[in-house]
Amino acid sequence: MNRIHKELDWVGSREPFVDQPDIQVLDQIAVGRYGGNSSSGQYKNEDGCLVWQDGNHDWELAVILDAHMTAESAEIVIEQIKKWEPKFQHILTSSPSHTLFKYLEVSVLNMFQDQEFLSKCRSVQGETACLIVVRKDKYLWWFSIGDCVLYMHHPDLTVLGQYQVNQRQFFEWVGQVNTFELDVPCYSCGTKELRKGSNHIFMTTDGLIECPRDPYSHPSLIFREFNGESIEKALSSIFSNLQDMGVRDSTTIVTWKVEIEKEASIPSDV
């Protein structure tokens, strides 16, 4: 089994980053965290994130969480995912692409429906949105609960106006109020073929897109920050703008680029 080369897990209750943006680069993945402006009334950060990368760059797994009331729900979700790490790592390193994502969906469902975990959820204050994203080979897979956002930039898609991969869903959470306590769990899940060339994957909590004066109301404005700039400089510019706009809500970003050599699907009449 391949060893995870770089990993990070964090919850805002540990380090809130209020007034102090933080950017870390873990091999090819960049993580940006900003707790919001104290001058706008912010005093805590309830976001969270987790990043795993394969040492051979065969796959990446990233999670972002946006909790409310307290960060307790984000904390127990990260704990649960880490508890299931051997299972996920086995799937990611040993399963062929045509079965990998089916196994992942079943495993994530089982993880969230685990009775011990559900019992923990009932005892926390608040609940969290959660977005899990996996890249392996030329495919991108996501499992989304709630309103975190997944964007992707590739010229083949942006020329057609396509950036957003998942659909934000409101009134879905894990925690005290829990979509996995319903008779039928509610979540969204999907798989996308990456295009030949550079694919820029971008995950964010909603502080970025709900900032006053809407500096990033359209995803093209987000990716414009990366034109000719390193990921670190682009994230620094984004957080500087959020500070200038007086954003209160926290923003957590996980982003990376994947170079795909395989051809992608095109229409038969081209």
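Being a predicted model, the structure only gives us computed values, none of them experimental.

Our focus in this paragraph is the packing of aromatic side chains. Counted under the stated rule, the structure contains 17 aromatic pairs. Aromatic pair Phe101 and Tyr139: ring centres 6.4 Å apart, planes at 70°, arrangement edge-to-face. Of the two residues, Phe101 is situated in helix 3 (residues 97-113) and Tyr139 in strand 7 (residues 139-145); the sequence distance between them amounts to 38 residues. What makes Tyr139 partly exposed here is its relative accessible area of 27%. Taken together through their ring pairs, the aromatic side chains of Phe112, Phe117, Trp141, Phe143, Phe180 and Tyr187 make up a single cluster.

All chains considered together, the criterion is met by 14 salt bridges. Residue Glu181 is joined to Arg122 by a salt bridge in which the shortest nitrogen-to-oxygen separation is 2.7 Å. Placement of the pair is Glu181 in the loop between strand 9 (174-175) and strand 10 (188-193) and Arg122 in helix 4 (residues 115-122), with a sequence separation of 59 residues. With a closest N to O distance of 2.9 Å, Glu263 and Lys196 form a salt bridge. Of this pair, Glu263 sits in the segment after strand 12 (251-260) while Lys196 sits in the loop between strand 10 and strand 11 (197-204), placing them 67 residues apart in sequence. Judged by relative accessible area, which is 55%, Glu263 ranks as exposed. Under the relative-accessibility criterion, Lys196 is labelled partly exposed at 42%. When salt bridges with common partners are traced through the structure, they connect Asp147, Arg168, Asp206 and Glu210 into a single cluster.

As a further point, take the sheet that holds strand 2 (residues 22-26). Taken in spatial order, the 5 strands make up an open sheet running 2-3-12-11-8, and their pairing is antiparallel. With partners counted over all chains shown, the strands left at the sheet margins are strand 2 and strand 8 (149-153), one partner each. Looking at each pair of strands side by side, their axes are set apart by 15° on average, direction ignored. Here strand 3 (residues 29-34) pairs with strand 12 via 6 bridges, running antiparallel.

The biggest cluster of nonpolar side chains holds 37 residues, and the ones touching the most others in it are Leu104, Phe112 and Phe143. Those elements that place two or more of their residues in this core are strand 4 (47-54), strand 5 (59-68), helix 1 (72-83), helix 2 (85-94), helix 3, helix 4, strand 6 (127-136) and strand 7. The element that contributes the greatest number of residues to this core is helix 3, accounting for 7 residues. Residue contacts for Leu104: discarding those within four places in its chain leaves Phe88, Ile91, Leu92, Val134 and Trp141. Within the second largest apolar cluster, 27 residues are counted, among which are Leu8, Ala62, Cys148 and Ile201.

Turning our eyes to something else, we now look at the pairing of strand 12. Of all 10 residues in strand 12, 8 are buried, a share of seventy percent or more. Examined bridge by bridge, strand 11 and strand 12 share 8 bridges and lie antiparallel to one another. Bridging across to strand 12, Asn199 finds its partner in Val258.

Burial in helix 2 covers these residues: Glu85, Phe88, Gln89, Ile91 and Leu92. In an axial view of helix 2, the angular spread of the buried residues amounts to 160°, which keeps them on one side of the axis.

Let us look at the side chain of Ser188. Within the element layout of this structure, Ser188 appears in strand 10. Setting aside its immediate chain neighbours within four residues, Ser188 contacts Trp142, Phe143, Ser144 and Gln167.

Cut-offs and rules
Residues numbered from 1 in each chain as written. Predicted model: local features only at pLDDT ≥ 70, side-chain atom pairs only at ≥ 80, totals over all residues. Heavy atoms only, no water. Phe/Tyr/Trp six-rings, centres within 6.5 Å; stacked < 30°, edge-to-face > 60°. Helix = DSSP H or I, 4+ residues; strand = E, 2+ residues; numbered from the N terminus. Buried < 20%, exposed > 50% of the residue type's maximum accessible area, 1.4 Å probe, protein only. Salt bridge = Lys/Arg side-chain N within 4 Å of Asp/Glu carboxyl O. Pairing = 2+ DSSP bridges. Axes fitted to C-alpha atoms, helices over the stretch in contact; angles between N-to-C directions. Core = buried A, V, L, I, M, F, W, Y, C linked by side-chain atoms within 4.5 Å. Contact = heavy atoms within 4.5 Å. Arc of directions from axis to C-beta.

Taken by themselves, the reported measurements are silent on function.
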